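Listed below, chain by chain, are the residues.
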Amino acid sequence: MEEASEWTVKLTEDGGIETDVHTVKPDIERPDREVVKGFEGIPSSIASDVTGNVGFAMDSGIKPVYENAELAGSAVTVKAEPGDNLIIHKAITLAEPGDVLVIDANGYVETGHLGELMCTSCKVNDLSGIVIDGAIRDRAEIAEMEFPVYARGVHPQGPMKQDPGSINVTVSVGGVSVNPGDILVGDGEGVTVVPADGAEEVLERANEKLAAEDDTRERLEKGKYLFEMKGYDKLYENLDVVGPEDSVQ
């Protein structure tokens, strides 16, 4: 029988815990709540476009658990051992109203890391939602309560509770690096991450783009073509494409 691993435990000034492999940070810096609230109703596609278009939208495997789910909130990040949810229970107690639990379970989909009861706890404490790179269970019940959850899969098997994990560290979810306090924007198409640093500027650009698209839509309805309106015709005429490596987006 193997001996249990020994960890060097350090108590931090804010009441958190650090070991050689696990960190729990109870207090994090969050964006202005009005900025976070401003992202409500912003499509994830628009958020992706105005944050640089590449690298901030989670991969297509991260899907809403039910149709018409939407969320906008600041990240409380969780690094969970695949198949274990002890640290997720702890994270729920540290999250504040408006937060989104962003859980890195290493993409493991053979265990439901959370379900109806944990989501009920999140909802009554006014969390904005959950995004997990892993599986959940109780999909029908979560849909009925209309609590926004995005996950890589669904699985009926329950999790273990034996690994301490980490809270409020940098995690990788859906192929995107997420830091505590980053803003998550989710809808039926997926989830986009807006870095906390510069979020106010991103929100401004998002609203400007929405207004510009209203104008573009009106012109399209009159028979105009995006190909000409956006200058793609000139780009097309001047392309010198000989292979995939020479193509542009």
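Per chain, residues are indexed from 1 in the order of the written sequence. Residue-level local features of this predicted model are given only where pLDDT is at least 70; pairs of side-chain atoms are given and counted only at 80 or more, and the full residue set underlies all totals for whole chains, interfaces and linings. Side-chain figures throughout are based on the complete set of non-hydrogen atoms in the structure, without hydrogens or water.

**Student:** Run through the overall build of the protein, naming residues and quoting values.
**Tutor:** Looking only at helices and strands, one finds 8 helices and 13 strands in the protein. Summary of the burial criterion: residues with accessible area below 20% of their type's maximum are buried, those above 50% are exposed, and those between are partly exposed, where the area comes from a 1.4 Å probe applied to protein chains only. Residue burial in the protein is summarised as follows: out of 249 residues, 44% are buried. At a minimum sequence separation of 6, the contacts of the protein that also span at least 24 residues come to 71%. Accessible areas in this description were obtained via Shrake-Rupley with a 1.4 Å probe; residue shielding takes into account the shown protein chains only. Working note: accessible area of the protein is about 14000 Å², and carbon and sulfur atoms make up 47% of it. Every helix listed is a DSSP run of H or I at least four residues long, and every strand listed is a run of E at least two residues long, numbered separately from the N terminus. The contact criterion used is simple: two residues touch if any of their non-hydrogen atoms lie within 4.5 Å.

**Student:** How would you explain the side chain of His22 if you had to name every residue and give the values?
**Tutor:** Note that His22 resides in the loop between strand S2 (17–18) and strand S3 (23–24). His22 sits in the buried class, given a relative accessible area of 11%. Under the rule applied, a polar contact is a pair of N or O atoms within 3.5 Å (in protein, one hydrogen donor and one hydrogen acceptor; residues adjacent in sequence only if both atoms are side-chain atoms). A distance of 3.2 Å separates a polar atom in the side chain of His22 from the backbone oxygen of Gly165.

**Student:** How would you sum up the packing of aromatic side chains? Please name residues and give values.
**Tutor:** Planes of paired rings set the category: under 30 degrees apart is stacked, over 60 is edge-to-face and the rest tilted, where pairs are Phe, Tyr or Trp rings (Trp by its six-membered ring) whose centres lie within 6.5 Å. Considering all chains together, one arrives at 1 aromatic pair under this definition. Arranged with centres 6.0 Å apart and planes meeting at 65 degrees, the rings of Phe227 and Tyr236 form a pair that is edge-to-face. Judged by its relative accessible area of 61%, Tyr236 is exposed.

**Student:** A description of the environment of Gly112 should follow, citing residues and the corresponding values.
**Tutor:** Within the secondary structure layout, Gly112 lies in strand S6 (residues 99–112). The class for Gly112 is buried, based on a relative accessible area of 0%. As a C-alpha pair, Gly112 and Gly153 span 41 residues in sequence and 8.3 Å in three-dimensional space.

**Student:** Tell me about unusual backbone geometry, and please be specific about residues and values.
**Tutor:** Non-glycine residue Asp126 carries a positive phi angle of around 65 degrees. Counting through the fold element by element, Asp126 comes out in the loop between helix H4 (116–124) and strand S7 (129–136). The phi torsion at Glu146 lies on the positive side, around 55 degrees, for a residue other than glycine. Tracing the backbone shows Glu146 in the loop between helix H5 (139–145) and strand S8 (149–154). A relative accessible area of 59% places Glu146 in the exposed class.

**Student:** Kindly report on the pattern of salt bridges, identifying the contributing residues and their values.
**Tutor:** By definition, a salt bridge exists where a carboxyl oxygen of Asp or Glu is found within 4 Å of a side-chain nitrogen of Lys or Arg. Evaluation of the coordinates by the stated rule reveals 12 salt bridges. A salt bridge links Glu213 to Lys209; the shortest N-O distance between them is 3.8 Å. With a gap of 4 residues between them, Glu213 and Lys209 both fall in helix H6 (residues 199–220), about one helical turn apart. Its relative accessible area of 27% is what places Lys209 among the partly exposed residues. In this structure, a network of salt bridges that share partners links the residues Arg30, Arg33, Glu96 and Asp99.

**Student:** Explain the nonpolar core to me, and be specific about the residues and the numbers.
**Tutor:** Nonpolar core, defined: a set of buried Ala, Val, Leu, Ile, Met, Phe, Trp, Tyr and Cys residues in which side-chain atoms within 4.5 Å join the residues together. Counting 47 residues, the largest nonpolar core has Met58, Leu101, Ile103, Ile130, Val131 and Leu184 as its most contacted members. Apart from the residues lying within four places of it in its own chain, the contact partners of Val131 are Met58, Ile62, Leu71, Val100, Leu101, Val102, Ile103, Tyr150, Val173 and Val191. Listed in part, the 15 residues of the second largest apolar core include Ile46, Ala47, Val50 and Leu203.

**Student:** Lay out helix H3 (residues 86–94) with the relevant residues and their values.
**Tutor:** Every buried residue of H3 is listed here: Ile87, Ile88, Ala91, Ile92 and Leu94. Angular distribution of buried residues about the axis of H3 spans 160 degrees; they occupy a single face of the element. The inward-facing, buried residues of H3 contact S3, strand S5 (71–79), S6, H4 and strand S9 (166–167). Each C-beta atom gives one direction from the helix axis, and the arc is the one those directions make.

**Student:** I'd like to hear about the confidence of the model for the protein, residue by residue, with values.
**Tutor:** Per-residue confidence from the prediction method is given by pLDDT, with values spanning 0 to 100. On average, residues of the protein score 90 in pLDDT, and 88% of them are at 70 or above. With pLDDT under 50 throughout, residues 1–9 is counted as low confidence; its partners more than four residues away or in other chains account for 12 contacts.

**Student:** Tell me about the pairing of strand S12 (residues 183–187), and please be specific about residues and values.
**Tutor:** Burial within S12 is extensive, with 5 of its 5 residues counted as buried. Neither face of S12 is open: one carries Ile183, Val185 and Asp187, the other Leu184 and Gly186, and all of them are buried. A strand pair is defined by DSSP finding two or more bridges across the two strands. Bridge count between S5 and S12: 4 bridges; the pairing is antiparallel. Along S12, the bridge assignment pairs Leu71 with Gly186. As paired elements, S12 and strand S13 (residues 190–194) share 5 bridges and run antiparallel to each other. Bridge pairing links Leu184 to Val193 in S13. In sequence, S12 turns back onto S13 through a hairpin of 2 residues.

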